[in-house]
Amino acid sequence: MTFYMELRRREEKGREEGRAEGLAEGEAKGTIKGKAEGRWTTLVELVHDGLLTMKEAAKRAGMTEEAFRKLTMH
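Analysis parameters
- For every chain, the first residue of its written sequence is number 1, and the numbers climb from 1 along that sequence.
- Thresholds applied to this predicted model are a pLDDT of at least 70 for local features of residues and 80 or more for the giving and counting of side-chain atom pairs; totals over whole chains, interfaces and linings are not thresholded and use all residues.
- Note that water and hydrogens are dropped before the side-chain values are worked out from all heavy atoms of the structure.
- By salt bridge we mean one thing: a side-chain nitrogen of Lys or Arg within 4 Å of a carboxyl oxygen of Asp or Glu.
- Comment: elements are numbered from the N terminus, with helices defined as DSSP H or I runs of at least four residues and strands as E runs of at least two.
- Buried residues are those whose accessible area, probed at 1.4 Å on protein chains only, stays under 20% of the maximum for their type, while exposed residues exceed 50% and partly exposed ones sit between those limits.
- Nonpolar core, defined: a set of buried Ala, Val, Leu, Ile, Met, Phe, Trp, Tyr and Cys residues in which side-chain atoms within 4.5 Å join the residues together.
- Between two residues, a contact is recorded if the distance between any of their heavy atoms is within 4.5 Å.

S.K.: Could you give me a rundown of the pattern of salt bridges, with the residues and numbers involved?
M.R.: Where charged atoms from two side chains of opposite charge come close, those side chains can pair. Within this structure, the stated rule accounts for seven salt bridges. One salt bridge in this structure joins Arg-60 and Glu-56, with 3.0 Å as the shortest N-O distance. A residue pair is termed a helical-turn pair when its members lie 3 or 4 positions apart in one helix, as Arg-60 and Glu-56 do in helix α2 (residues 54-61) at four residues. We classify Arg-60 as partly exposed; its relative accessible area is 46%. Several salt bridges converge on common partners, so that one network encompasses Glu-6, Arg-9 and Arg-10.

Written out as structure tokens, the structure is:
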């Protein structure tokens, strides 16, 4: 194998490894974001269904009741 062929093979391998790392990182971030959005949606639905008070939902969301109320009104 020539020097240039070896160099090209190494570059391609590096790109493939970089893509794999990028995909894994993106998937991890997406999972975290999805879980957070799902938790938020669940809290809002429980409040709307009357199964959880606004105060308790805000506490579980880690925010003030006023902040929670503002976000759920939009």
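Read on, since the account is not over.
S.K.: Let's hear about the environment of Arg-8: which residues, and what values?
M.R.: For Arg-8, the position within the fold is in helix α1 (residues 3-48). A residue is classified by how much of its surface remains accessible, and Arg-8, at 54% relative accessible area, is exposed. Along the primary structure Arg-8 and Met-73 are separated by 65 residues, whereas in three dimensions their C-alpha atoms are 56 Å apart.

S.K.: Give me the nonpolar core: which residues, what numbers.
M.R.: Listed in full, the eight residues of the largest apolar core are Leu-43, Val-44, Val-47, Leu-52, Met-54, Ala-57, Ala-58 and Phe-68. Looking at this core, the elements with two or more residues in it are α1 and α2. Non-local contacts of Ala-57, meaning those with residues more than four positions away in its chain, are made with Leu-43, Val-47, Leu-52 and Phe-68.

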